[in-house]
Amino acid sequence: MKQLSELKLKVLDLLKEDARRDPSLLATLLGVTSEEVTEAINELEEDRVIVKYATVINSSKLDDEKVTALIEVQITPERGRGFEAIAERIYLFPQVMSVYLMSGAYDLLVEVEGRNLKEVASFVSDKLSPLESVLSTKTHFILKKYKQDGIIFEDPEEDRRLLISP
Amino acid sequence: MSENTQQSSQENNQSMTNYLAPRVREIQPSGIRRFFDLASGSKDIITLGVGEPDFITPWHVREACVYSLERGYTSYTSNAGTPELREAIGEYLYNSFDVKYNPKDEILVTVGGSEAIDLALRALIEPGDEILIPVPCYISYSPIVAIGGGVPIEIETNAQDSFKLKADQLLDKITPKSKVLILNYPNNPTGGIMTYEDWLPIAKLVEENDLIVISDEIYSELTYGQKHVSFASLPGMKDRTILVNGFSKAFAMTGWRMGYACGHPELIYAMLKIHQYTVMCAPVMGQVAALEALKNGLEEKNHMVESYNQRRRLVVQGLRDIGLSCHEPEGAFYAFPSIQSTGLTSDEFAQRLLMEAKVAAVPGNVFGAGGEGFLRCSYATSVSQLSEALNRMGQFIHKLKQG
């Protein structure tokens with residue numbers, strides 16, 4: 001893994017706050033040229049440090065609210081390939097949003113999204129549990145999201161400062 | 001209010017005026033206050049008018065205060081502040097600005113930097129003393145001097161010199177009555193700073209003319225490029241200087257009102273006497289929070305400074321792009337562009353900008369001589385708000401040019 005330059009780290013910080021900032025704004029903020037920023041972003045994309053520019057959606061504000069579950073999965077690792085093969089089997093399902101290998105009481109943490117409770121339940125019973133190396137699953141439905149990806153979902157508090165102050 | 005009561009309250013006002021001390025009666029309300037009243041009636045305003053961080057005090061600082069309240073820390077502290085806090089302040093000043101103060105008798109914790117300045121002036125001023133104040137500057141110095149019976153003498157600095165104080169400007173204003181020089185660098189409203197080399201001739205004059213310096217260094221953490229040089233750190237200046245600083249700007253703690261003064265034990269002792277007879281001590285919860293800020297808040301402070309620096313570039317560049325000349329502010333969080341090219345006065349420009357473009361900024365003339373023709377734009381606000389404000393200002397100026 002190579003050391004990222006200071007410029008790249010700062011670009012990442014600023015894009016993490018708001019991915020829609022264009023290179024000329026970033027250049028002004030950082031006191032460098034647009035070309036330098038564009039080059040840094042291109043390299044970050046090529047090296048897959050920046051993987052995607054995503055939108056964080058507070059789905060509780062939408063009518064078609066989705067159901068999300070976190071599933072603890074215990075697994076028998078495969079000889080030679082450990083957890084890799086089964087992790088791949090699982091993450092290829094489109095319902096699966098994220099897969100983490102965990103330390104502790106279980107092996108994989110799988111985040112699954114569905115249109116409703118039933119859809120998630122049938123994914124677990126029909127797809128996930130029957131996999132040969134899966135020993136057990138424990139499904140936890142998310143009741144409410146307060147914060148995701150570092151972003152607090154509550155409406156931002158208004159600026160309490162006076163309009164003019166010394 | 002009924003007509004009758006209004007009338008009687010007016011009568012009262014008229015008759016009570018006679019009781020007021022003339023030096024208080026003659027003080028004008030600050031231009032900022034006047035402009036604030038104007039702005040608060042308007043809606044959908046983007047404000048570049050605030051002189052305080054847009055960050056909230058870091059959570060660990062707030063949490064330390066909450067925890068101390070839970071444990072019942074609610075009593076008076078020693079007049080000068082808790083020994084732990086004074087020690088931490090001493091250590092911080094030594095590490096950051098290379099000035100060494102004895103926490104026992106050279107550091108006084110105050111209710112904001114403002115109280116420290118007031119105490120220093122009250123301890124020093126005799127009626128008729130002349131107090132030298134480089135301007136434009138923070139709005140409170142002249143009125144506090146006047147309340148204390150002193151005579152504020154303004155020294156005008158200018159944009160060509162990046163609003164630095166020049167030795168010849170200072171020398172011009174020194175008379176046998178000169179007693180105190182009030183310094184405010186990094187400067188509110190200009191963003192000007194002073195380097196070591198800039199300070200040396202000033203320090204020489206201070207020594208030659210036997211002046212005492214009150215150095216308000218509240219923005220000391222907010223410099224971009226050059227590290228702040230404390231006036232007290234200059235050769236021979238420590239004993240002549242009352243260093244004033246606080247937590248408001250560096251740690252986003254304006255509402256806590258936590259500040260401090262450092263200086264020669266005899267000066268601090270004099271200030272302590274006034275302090276103990278007026279406020280007793282700074283609030284204990286504020287002192288707990290301030291201690292936590294000094295012990296564990298430096299990393300977050302650095303992050304805030306980096307963020308201000310980014311916005312500084314955005315605002316200065318943006319102002320220049322819309323045709324306003326703007327000297328490079330190297331400290332605090334204000335840009336101070338000239339609006340002279342528009343032909344409007346600071347007041348006219350700021351009022352029309354507020355009414356027509358819904359952007360609030362402070363007219364430069366409220367900060368004293370030399371501020372006329374300028375506008376204070378605080379960049380302690382989010383990048384998106386700043387971008388929108390610059391956008392609106394650009395359209396406003398375009399409209400002005402088209403007449």
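Residues numbered from 1 in each chain as written. Chains lettered and ligands numbered in written order. Predicted model: local features only at pLDDT ≥ 70, side-chain atom pairs only at ≥ 80, totals over all residues. Heavy atoms only, no water.

In the annotation of an unreviewed UniProt entry, chain B is listed under the name Aminotransferase and assigned to Paenibacillus segetis. Within the UniProt record for chain B, the comment given under Sequence similarities (unreviewed entry) is "Belongs to the class-I pyridoxal-phosphate-dependent aminotransferase family." Under the Cofactor (unreviewed entry) heading, UniProt states for chain B: "pyridoxal 5'-phosphate". (UniProt positions renumbered as here; feature names shortened; annotations may be inferred.)

If you look chain A up in an unreviewed UniProt entry, it shows as AsnC family transcriptional regulator from Paenibacillus segetis.

Draft legend 1. The arrangement of the overall build of chain A in detail. Counting secondary structure elements, chain A contains 5 helices and 6 strands. Helices (α) and strands (β) of chain A occur, in sequence order from the N terminus, as α-α-α-β-α-β-β-α-β-β-β. Relative to the 2.2 N^0.38 estimate, which gives 15 Å for 166 residues, the radius of gyration of chain A is 21 Å and therefore markedly larger than a compact globule would have. Expressed as a percentage of its 166 residues, the buried residues of chain A come to 30%. (Helix = DSSP H or I, 4+ residues; strand = E, 2+ residues; numbered from the N terminus. Rg over C-alpha atoms; globule rule 2.2 N^0.38 Å. Buried < 20%, exposed > 50% of the residue type's maximum accessible area, 1.4 Å probe, protein only.)

Draft legend 2. Representation of the nonpolar core in the model. Residue and element names in this part refer to chain B. Grouped together as the largest cluster of nonpolar side chains are 97 residues, with contacts concentrated most on L121, I182, L319, F333, F349, L375 and M393. Element by element, the count of residues in this core is highest for helix α14 (residues 383-402), at 8 residues. With residues up to four places along the chain from it excluded, the contact list for I182 reads L121, I131, L132, I133, P134, Y141, V145 and I214. L85, I107, A250 and M253 belong to the second largest nonpolar core, which has 27 residues in total. (Core = buried A, V, L, I, M, F, W, Y, C linked by side-chain atoms within 4.5 Å. Contact = heavy atoms within 4.5 Å.)

Draft legend 3. Structural view of the confidence of the model for chain B. Averaged over all residues, the pLDDT of chain B is 94; the fraction at 70 or higher stands at 97%. Across the assembled chains, the prediction reports ipTM 0.83 with pTM 0.90. (pLDDT = per-residue confidence, 0-100.)

Draft legend 4. Inspection of the UniProt feature "domain: Aminotransferase class I/classII large" (unreviewed entry) in chain B at higher detail. Sequence positions flagged by UniProt for "domain: Aminotransferase class I/classII large" (unreviewed entry) are, in local numbering, residues 43-392 of chain B. Along residues 43-392 of chain B the backbone is 40% helical and 15% strand, and the end-to-end C-alpha distance reaches 15 Å.

Draft legend 5. Broad picture of the interface of chain B and chain A. At the interface, 31 residues of chain B touch 14 residues of chain A. Both sides of the chain B and chain A interface together cover about 1800 Å² of buried area, and 64% of this is carbon and sulfur. Applying the counting criterion to the chain B and chain A interface returns 1 salt bridge. Ionic pairing is found between K10(A) and E306(B), a salt bridge with its closest N-O pair at 3.6 Å. On inspection of chain B and its partner chain A, the count reaches 11 residue pairs in polar contact (both at pLDDT 80 or more). Of all the secondary structure elements, the ones that give two or more residues to the side of chain B that touches chain A are α3 (31-40), α12 (298-321) and α14 of chain B. (Buried area = accessible area lost by both parts, 1.4 Å probe. Salt bridge = Lys/Arg side-chain N within 4 Å of Asp/Glu carboxyl O. Polar contact = N/O pair within 3.5 Å; in protein donor to acceptor, adjacent residues only side chain to side chain.)

Draft legend 6. A look at the packing of aromatic side chains. Residues and elements named next belong to chain B. A complete count under the given rule lists 16 aromatic pairs over all chains for this structure. Centroid distance F163 to F336: 5.5 Å. Interplanar angle 75°. Geometry classified as edge-to-face. You can see F163 sitting in the loop between β4 (151-156) and α8 (167-173) and its partner F336 sitting in the loop between β9 (334-335) and α13 (346-357), a full 173 residues away along the chain. A relative accessible area of 1% places F336 in the buried class. A ring pair is formed by Y185 and W199, whose centres lie 5.6 Å apart and whose planes are at 85°; its orientation type is edge-to-face. Of the two residues, Y185 sits in the loop between β5 (178-183) and α9 (196-208) while W199 sits in helix α9, which places them 14 residues apart along the sequence. (Phe/Tyr/Trp six-rings, centres within 6.5 Å; stacked < 30°, edge-to-face > 60°.)

Draft legend 7. Geometry of the sheet that holds strand β8 (residues 258-262) of chain B. All names here are of chain B. Pairing within the open sheet is mixed, and its 7 strands lie in the order β2-β8-β7-β6-β5-β3-β4. Both outer strands of the open sheet, β2 (107-111) and β4, are each paired with one neighbouring strand and no more. The mean angle between the axes of side-by-side strands here comes to 25°, regardless of whether they run parallel or antiparallel. In terms of strand pairing, β2 meets β8 through 5 bridges, oriented antiparallel. Of the residues in β8, the one forming a bridge with L108 is A261. Where helix α6 (residues 112-124) meets the sheet, it contacts β2, β3 (130-135), β5, β6 (212-216), β7 (241-246) and β8, and its direction lies at approximately 115° from that of β2. Each of β2, β6, β7 and β8 is contacted by helix α10 (residues 265-278), which is oriented at about 30° to β2, the strand it contacts most. (Pairing = 2+ DSSP bridges. Axes fitted to C-alpha atoms, helices over the stretch in contact; angles between N-to-C directions.)

Draft legend 8. Up close: the UniProt feature "domain: Transcription regulator AsnC/Lrp ligand binding" (unreviewed entry) in chain A. Mapped onto this numbering, the UniProt entry annotates "domain: Transcription regulator AsnC/Lrp ligand binding" (unreviewed entry) at residues 73-144 of chain A. Taken end to end, residues 73-144 of chain A is 28% helix and 33% strand, and its two terminal C-alpha atoms sit 22 Å from one another.

Draft legend 9. Main features of unusual backbone geometry. Residue and element names in this part refer to chain B. A cis amide bond links Y185 to the next residue, P186, at an omega of -5°. Structurally, P186 is set in the loop between β5 and α9. Residue N188 is joined to P189 through a cis peptide bond whose omega torsion reads 20°. For P189, the position within the fold is in the loop between β5 and α9. For D98, which is not glycine, the phi torsion reads 65° and is therefore positive. Positionally, D98 belongs in the loop between α5 (83-97) and β2. The phi torsion at S162 lies on the positive side, around 55°, for a residue other than glycine. Of note, S162 is situated in the loop between β4 and α8.

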